[in-house]
Every structure is written in structure tokens, then in C-alpha cells.
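Given next are the chains, with one letter for each unit.
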Amino acid sequence: MRVVSSPVAMQRQALAWRDGGRVGLVPTMGALHEGHLELIRRARRECKRVIVSIYVNPTQFGPKEDLSRYPRPRRADLAACRAAGADLVFAPHNLYAADHSTHVEEGAVSQGRDGASRPRHFRGVATIVLKLFNLTQPHRAYFGQKDAQQIDVICRMVRDLDVPVQLVIVPTVRAADGVALSSRNIYLSAPERALAVEFARALREAARKGKHSAAILKRTLVKMRGVKLDYVEVAGGRLCAAVYIGKTRLIDNVRVSD
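Description of the structure in this document. As the structure is a prediction and not an experimental result, all values here were calculated from the model.

## What to know about the sheet that holds strand β5 (residues 140–144)
Within the open sheet, the six strands sit side by side as β1-β4-β3-β2-β5-β6. Their pairing is parallel. Looking at strand neighbours, the two that pair on one side only are β1 (2–4) and β6 (166–170), the edges of this open sheet. Within this sheet the neighbouring strands show an average axis-to-axis angle of 25°, counted without direction. Strand direction decides the pairing type here: strand β3 (residues 49–54) and strand β4 (residues 88–90), joined by three bridges, are parallel. If you follow Val52 over to β4, its bridge partner there is Val89.

## Concerning the sheet that holds strand β9 (residues 248–255)
Spatial strand order, β7-β8-β9: three strands in an open sheet with antiparallel pairing. One side of each edge strand has no neighbouring strand; the edge strands of this open sheet are β7 (227–235) and β9. Taking each pair of neighbouring strands and ignoring which way they run, the sheet shows an average axis angle of 15°. Where β7 meets strand β8 (residues 238–245), eight bridges bridge the pair, whose relative direction is antiparallel. Considered in β8, the bridge of Val234 is made with Leu239. Lying on the sheet, helix α7 (residues 190–207) is in contact with β7, β8 and β9; it crosses β9 at an angle near 25°.

## Observations concerning the nonpolar core
Membership of the largest hydrophobic core comes to 34 residues, with the highest contact counts inside it found for Phe90, Phe133, Ile154 and Met157. Sorting the residues of this core by element identifies α1 (7–17), β2 (23–28), β4, α5 (121–136), β5 and α6 (148–160) as the ones contributing at least two each. Sorting elements by how many residues they give to this core places α5 first, with nine residues. Ignoring anything within four residues of it in the chain, the contact list for Phe133 reads Leu25, Pro138, Ala141, Phe143, Ile154, Met157, Val158, Val163, Val165 and Leu167. Listed in part, the 21 residues of the second largest apolar core include Leu203, Ala206, Leu217 and Leu250.

## Brief notes about the layout of surface pockets
The space that makes up the second largest pocket amounts to roughly 240 Å³. Lining the second largest pocket are 14 residues, with Ile54, Val56, Arg72, Arg74 and Pro92 positioned closest to its centre. Residues belonging to the lining of the second largest pocket are distributed by class as follows: nine nonpolar, two polar and three charged.

## What to know about the pairing of β3
Consecutive residues of a regular strand have side chains that alternate between opposite faces of the sheet. Of all six residues in β3, five are buried, a share of seventy percent or more. In this structure, β2 lies alongside β3, joined through six bridges in parallel fashion. Counterpart to Leu25 in the pairing with β3 is Ile51. Each parallel crossover has a hand, and the one from β2 via helix α2 (residues 34–46) to β3 is right-handed. Handedness of the crossover is the feature at issue here: the chain leaves β3, passes through helix α3 (residues 74–84), returns alongside β4, and the resulting connection is right-handed.

Definitions and cut-offs
Residues numbered from 1 in each chain as written. Predicted model: local features only at pLDDT ≥ 70, side-chain atom pairs only at ≥ 80, totals over all residues. Heavy atoms only, no water. Pairing = 2+ DSSP bridges. Helix = DSSP H or I, 4+ residues; strand = E, 2+ residues; numbered from the N terminus. Axes fitted to C-alpha atoms, helices over the stretch in contact; angles between N-to-C directions. Contact = heavy atoms within 4.5 Å. Core = buried A, V, L, I, M, F, W, Y, C linked by side-chain atoms within 4.5 Å. Buried < 20%, exposed > 50% of the residue type's maximum accessible area, 1.4 Å probe, protein only. 1 Å grid on protein atoms, 1.4 Å probe; cavity = no way out; pocket = protein on both sides within 12 Å on 5 of 7 lines; lining within 4 Å. Points joined across faces, edges and corners; volume = space filled by probe spheres on them. Nonpolar A, V, L, I, M, F, W, Y, C, P; charged D, E, K, R; others polar. Right-handed = clockwise from strand over helix to strand, strands pointing away.

Structural data, given as C-alpha cells:
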């Protein structure tokens, strides 16, 4: 497995691979967990070459968010990528010029949900994902369903800008207790983890109630001590929610029953 930090070297390698068989990209911010590894393994089964990008993108963090605290276990991440079958890890130090002034901004599906709670977040996401697509030249790119609105934004960007990549959406990977895997879960204390389990359970149960699911989940979450509700919304047939448990923000979504 090769590790590349130079954007120029990455693009040169990507262009050399482009016509030699299907290339898959798994974009990540590192702190890899089983959810990320499932994306890499899926790409390994379907592609001749697999690229994993590891880059903690500063433009998708707000001024009061956890950019400096975000975990960066480089050695463990590289070992996990190697074990899962990556051919190359693209781990740049910086992908923005000092006078960077160009952004990608989607104006419809980025509204509401996380878009309301985290202004400019999806502008940062769309910009970095398009940059990664340009640098790695993948035929397929793999994303987890947990980040439902992020998927919506990237799908719309790919469609609207005619980006030549196929998006592959992989179901959310959950721990045995039902909590969706997230790099931020490491911040949870034992009592907070118990609340995260209750959040995941409440989401699943409410999603079974069809058109009433959002109202039912909202009523449940506002009554949970130690949980601060950010939003509950049905979008694209999925019940989506975000909460704060302690200082940790968790998101999750489940398909709504008919």
C-alpha cells in the first residue's frame, strides 16, 4: 500500500490508473472505524484499485466546532487501510491555497437539517469532495448512509455539475447496542453512551410510525434528560435527527415505514 501526501503526485497516479480498470475512492477524515472499513471492503470487491483519502477538512467545521479535538490516529488508520485492502492512501497536509477563494455551494438539499444547524458546513463538504474527485479521478466513490444529507448534497452536485463518478451508498454500520458508528463516539462517557443507545432506539421505534414518526421522535427526545435536541426531520423518506449528548453531537437516520 502506497501513502501519498502530494496533491500533484496523487493526480499523476490517478490519471495513470484511470484507463487501467475501475478505481474506487473512499473519502474519510480519518479516525477510521468499522463503518469506514466496510466502505473500503466494498470498494475492494468492486474495483481494481482502491484509494482512501484521509483529510480533516477545515472548511466544514464551524468556529465553535471540534476541529482541533478531532482525532488523528494516523498509524492506526494506515494499518486499518492496509488490512482492509486499500492500494493507496491519500493523506495530504493541506488542500487549500493561502488565497483560496472558490467554493462549491448547493442551494436546495443542503437547506434544513444539518444545513440549518451548521452554516456553510455543506459548502465545505461539496468543495472538498469535488477537489478529491478531481485529484483521485475515481470511477466510483463510496459513502455511508449515516450522513444522509451529505449524500443528498453530493448526489445533487454530481448531477448538476456532470461529475463523471458513480456514487455507491453503503448502509449504516452499527455497534451491537444499535448506535451508529461515528468517529465522535469516542468522546462519550459510559452514561452518555447509554443515552446514545436510547437515542438510536427511539429513532428506530419512531420510524415505524410512518407519517407520524417525526412528531413522535421529537416528543420522545425532548423528554430525555441529558439529551439536547438539535433537529428532527423527515427527508427523502428517512427520519433524520441530531442531538447533543454532553458536548458530543450525534446524527442518525432510519427509513420511515410506509
